[in-house]
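Here's the letter readout for the chains.
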There are 2 protein chains.
Amino acid sequence: MARPTTPLLSRDRIVRAALDQLDRTGALALPRLAKDLGVSTSSLYHHVKGGREEVVEGVRGLLSAEGMVTERVPGEDWARFVDRWASRYRATYAAHPAVVPLLTAQTVTHPAALASYEALADVLHEAGFADDDLLHAVTALDDLVLGSALDAGAPGQVWADSPDPGSRLARAVRATRAQPGDRSERAFRLGLESLLVGLERLRTHP
Amino acid sequence: MARPTTPLLSRDRIVRAALDQLDRTGALALPRLAKDLGVSTSSLYHHVKGGREEVVEGVRGLLSAEGMVTERVPGEDWARFVDRWASRYRATYAAHPAVVPLLTAQTVTHPAALASYEALADVLHEAGFADDDLLHAVTALDDLVLGSALDAGAPGQVWADSPDPGSRLARAVRATRAQPGDRSERAFRLGLESLLVGLERLRTHP
């Protein structure tokens, strides 16, 4: 079979292959990506002149466009919007935990991701968050979401069995194992609901 | 200069070199680690028979022993303890963000890290957290801390300038830039204080 020629290559195809590589191997290496696509590294750079950073931003854009909330539901209050925003965001990256550390290492420039943050900022502003707190509230939500997306990729056993099975940690681990549903997602829900209760107090008007 | 012979190598030296490699390059590669140490990969494996996972757990142990809280301060209430626990934990990993995604990918087995979680579980239990919620509260704190440690490694400009400088996000970014102190740490404080307010409602006794 002939090697695909450059015209078959596209930015979109490169970005999708990068996400696939991250999901399979946990890392992103452009020379290996070119190999996966059956092209030379220089052909790859012809489509993504910004190199690795542009590929990572493309992955952020792809996942943001598919998974992140930008639209408000009429009549929805700020806390319900933020819950939906953070839950969709977490679900998106929990499916691709290897992407997370790449995202935080570079400036958000993709319009789809920026649009989602703009929508969140608008909702928080209208809810009475002052400009001095607003970005910190956004960042705290980001921290919880991205930490939880990493946790979603954790092994089934997060903590080794305690030498003392009667220890409080050991008891809590057993109690949690007996619960239905996904451990990491349940923890995220408890954390998000608690964070929303605490953020409520920052509103300068009701 | 003669290549150091195997006896000079130790588990501790390997773990410290691994942390140094992570800080410098953002990744951990055992063949390169052996090269950095001037030894063969097989000499390296002689000291860390569990390979990469054992090295990562060694890094967790080194940082936990240096940075994580296990001791309670007499008279300290649960929220003050948790604040101290999470703040020290964050400060430790904010200085080494590349370690974060490796930590969440494997079971916590190092005794120094486990001791810190045991202490947190004991405090939450005494404060009235039920076994069914306790581990989720611990995990939510973990998520916030590790997300923030990644954020501490973010570039100075987290979001690209908005095409509309009057947008709410753009205003909030400017307000935040005008503040003293570290952006990422301020956001973590706001998030942690808010999370503690919300966790308070889970206590089954005062």
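The shown structure was predicted, so the numbers you read here are calculated from the model rather than taken from an experiment.

**Student:** So what exactly am I meant to see when it comes to the overall build of chain A here?
**Tutor:** Of the regular secondary structure elements, chain A holds 10 helices and zero strands. Taken from the N to the C terminus, the helices and strands of chain A come in the order α-α-α-α-α-α-α-α-α-α. Reported as C-alpha extents along the three principal axes, the dimensions of chain A are approximately 60 × 50 × 25 Å. Within chain A, the fraction of its 206 residues that count as buried is 54%. Within chain A, counting contacts between residues at least 6 apart in sequence, those at least 24 apart form 69% of the total. Carbon and sulfur atoms provide 54% of the accessible area of chain A, an area that totals close to 8900 Å². For chain A, the distance from the average site of its 24 positive side-chain charges to the average site of its 27 negative ones is 8 Å.

**Student:** Whenever I open this one, the confidence of the model for chain A confuses me. Can you help?
**Tutor:** When pLDDT is low, close inspection of the predicted coordinates is not appropriate. Model confidence for chain A is summarised by a mean pLDDT of 94, while 97% of its residues fall at 70 or above. The ipTM, which scores confidence in the relative placement of chains, is 0.94 for this predicted complex, and the corresponding pTM is 0.95.

**Student:** Could you clarify how one ought to interpret the relation of the copies chain B and chain A in this entry?
**Tutor:** Copy one and copy two of the chain differ by a rotation about an axis and a translation along that axis. Taken as rigid bodies, chain B and chain A are interconverted by a rotation of 180° and an axial shift of 0.0 Å, the fit giving an RMSD of 0.0 Å. Such a combination of turn and shift is consistent with a two-fold rotation axis. Of the interface residues in chain B, 100% have counterparts in chain A that sit at the interface too, so the contact is made through matching surfaces.

**Student:** Before we go on, may I ask you to explain helix α5 (residues 78–94) of chain B in this structure?
**Tutor:** For the α-helix, the turn length of 3.6 residues means that residues three or four positions removed from each other point alike. Residues and elements named next belong to chain B. Here α5 contains 17 residues, and its C-alpha end-to-end distance of 24 Å stays within 8% of the 24 Å for a straight helix at 1.5 Å per residue. Of all the 17 residues making up α5, 12 are buried; the element is thus mostly covered by neighbouring parts of the structure. Among the residues of α5, those classed as buried are Trp78, Phe81, Val82, Asp83, Arg84, Trp85, Ala86, Tyr89, Arg90, Thr92, Tyr93 and Ala94. Considering only its buried residues, α5 is in contact with α4 (51–67), α6 (100–104), α7 (111–126), α8 (131–152) and α10 (183–200). Where α5 starts, the residue carrying a side-chain oxygen 3.3 Å from the main-chain nitrogen of Ala79 turns out to be Asp77.

**Student:** How should I be thinking about the interface of chain B and chain A in this particular structure?
**Tutor:** How large an interface is tends to be reported as the accessible area lost when its parts come together. The interface is formed by 59 residues belonging to chain B together with 60 residues belonging to chain A. In total, about 5300 Å² of surface goes out of reach between chain B and chain A, with carbon and sulfur atoms giving 66% of it. Summed over the three residues of chain B that lose the most area to chain A, namely B:His136, B:Trp159 and B:Arg168, the buried surface amounts to 14% of that side. Here B:Asp131 makes a salt bridge to A:Arg168, at a shortest N to O gap of 3.1 Å. For the pair chain B and chain A, the number of links is 20 residue pairs in polar contact (both at pLDDT 80 or more). For the side of chain B that touches chain A, the secondary structure elements donating two or more residues are α6, α7, α8, α9 (168–177) and α10 of chain B.

**Student:** I would appreciate a short explanation of the environment of A:Ser64 in the present structure.
**Tutor:** Secondary-structure assignment places A:Ser64 in helix α4 (residues 51–67). Not counting residues within four places of it along the chain, the set of residues in contact with A:Ser64 comprises A:Tyr93, A:Ala112 and A:Ala113.

**Student:** Just to check I follow, could you spell out α8(B) for this structure?
**Tutor:** For α8(B), spanning 22 residues, the distance from its first C-alpha to its last is 32 Å, which sits close to the expected 32 Å at 1.5 Å a residue. Counting buried positions along α8(B) yields 18 of 22 residues, so the element is predominantly enclosed.

**Student:** For this particular structure, what's the right way to read the pattern of salt bridges?
**Tutor:** Any two side chains of opposite charge can pair, so long as their charged atoms come close to each other. All names here are of chain A. Here the structure, examined in full by the defined rule, presents 26 salt bridges over all chains. For Arg203, the salt bridge identified is with Glu200, shortest N-O distance 2.8 Å. In this structure, a network of salt bridges that share partners links the residues Asp12, Arg16 and Glu66.

**Student:** When you look at the nonpolar core in this model, what are you seeing that I'm missing?
**Tutor:** In a soluble, globular protein the nonpolar side chains are often hidden away together inside. In terms of nonpolar packing, the biggest core is built from 134 residues, with A:Leu33, A:Trp85, A:Trp159, B:Leu33, B:Trp85 and B:Trp159 touching the most fellow members. Ignoring any residue separated from it by four or fewer positions in sequence, one finds A:Leu33 in contact with A:Ile14, A:Ala17, A:Ala18, A:Gln21, A:Leu28, A:Leu44 and A:Val55.

**Student:** I would appreciate a short explanation of the environment of B:Asp23 in the present structure.
**Tutor:** Residue and element names in this part refer to chain B. Relative to the helices and strands, Asp23 resides in helix α1 (residues 11–25). A sequence separation of 132 residues divides Asp23 from Pro155, and the C-alpha atoms of the two residues are 15 Å apart. Ignoring anything within four residues of it in the chain, the contact list for Asp23 reads Ala95 and His96.

**Student:** Whenever I open this one, the layout of surface pockets confuses me. Can you help?
**Tutor:** Once rolled over the atoms, a probe with the size of a water molecule shows which space is left empty. Approximately 960 Å³ is the volume found for the largest pocket. Elements represented by at least two residues in the lining of the largest pocket include exactly α1 (11–25) and α6 (100–104) of chain A together with α1, α4 and α6 of chain B. When the residues that make up the lining of the largest pocket are grouped by side-chain class, the tally is 22 nonpolar, nine polar and six charged. In this structure, the second largest pocket encloses a volume near 230 Å³. Around the second largest pocket sit 20 residues that line it, and B:Gly156, B:Val158, B:Thr176, B:Arg177 and B:Arg183 are the ones nearest its centre.

**Student:** Just to check I follow, could you spell out the packing of aromatic side chains for this structure?
**Tutor:** Any two aromatic rings considered together are summarised by their centre-to-centre distance and by the angle between their planes. Taken as a whole and judged by the stated rule, the model has 10 aromatic pairs over all chains. A centroid spacing of 5.3 Å and a plane angle of 65° characterise the contact between A:Trp78 and A:Phe129, whose relative ring orientation is edge-to-face. Of this pair, A:Trp78 sits in helix α5 (residues 78–94) while A:Phe129 sits in the loop between α7 (111–126) and α8 (131–152), and the two are 51 residues apart along the sequence. On the accessibility criterion, A:Phe129 (2% relative accessible area) is buried. An angle of 80° between the planes, with centres 5.6 Å apart, marks the rings of A:Tyr89 and A:Tyr93 as edge-to-face. Separated by four residues within a single helix, A:Tyr89 and A:Tyr93 lie in helix α5, roughly one turn from each other. Among the residues examined, A:Tyr89 registers a relative accessible area of 3% and is labelled buried. An aromatic cluster is built from A:Trp85, A:Tyr89, A:Tyr93, A:Tyr117 and B:Trp159, whose rings are joined through pairwise contacts.

Procedures and definitions
Residues numbered from 1 in each chain as written. Chains lettered and ligands numbered in written order. Predicted model: local features only at pLDDT ≥ 70, side-chain atom pairs only at ≥ 80, totals over all residues. Heavy atoms only, no water. Helix = DSSP H or I, 4+ residues; strand = E, 2+ residues; numbered from the N terminus. Buried < 20%, exposed > 50% of the residue type's maximum accessible area, 1.4 Å probe, protein only. Contact = heavy atoms within 4.5 Å. Areas by Shrake-Rupley, 256 points an atom, 1.4 Å probe, with all protein chains shown as cover. Lys, Arg positive; Asp, Glu negative; His and termini not counted. Charge placed at Lys NZ, Arg CZ, Asp CG, Glu CD. pLDDT = per-residue confidence, 0-100. Least-squares fit on C-alpha atoms with pLDDT ≥ 70 in both. Expected span 1.5 Å × (residues − 1). Polar contact = N/O pair within 3.5 Å; in protein donor to acceptor, adjacent residues only side chain to side chain. Buried area = accessible area lost by both parts, 1.4 Å probe. Salt bridge = Lys/Arg side-chain N within 4 Å of Asp/Glu carboxyl O. Core = buried A, V, L, I, M, F, W, Y, C linked by side-chain atoms within 4.5 Å. 1 Å grid on protein atoms, 1.4 Å probe; cavity = no way out; pocket = protein on both sides within 12 Å on 5 of 7 lines; lining within 4 Å. Points joined across faces, edges and corners; volume = space filled by probe spheres on them. Nonpolar A, V, L, I, M, F, W, Y, C, P; charged D, E, K, R; others polar. Phe/Tyr/Trp six-rings, centres within 6.5 Å; stacked < 30°, edge-to-face > 60°.

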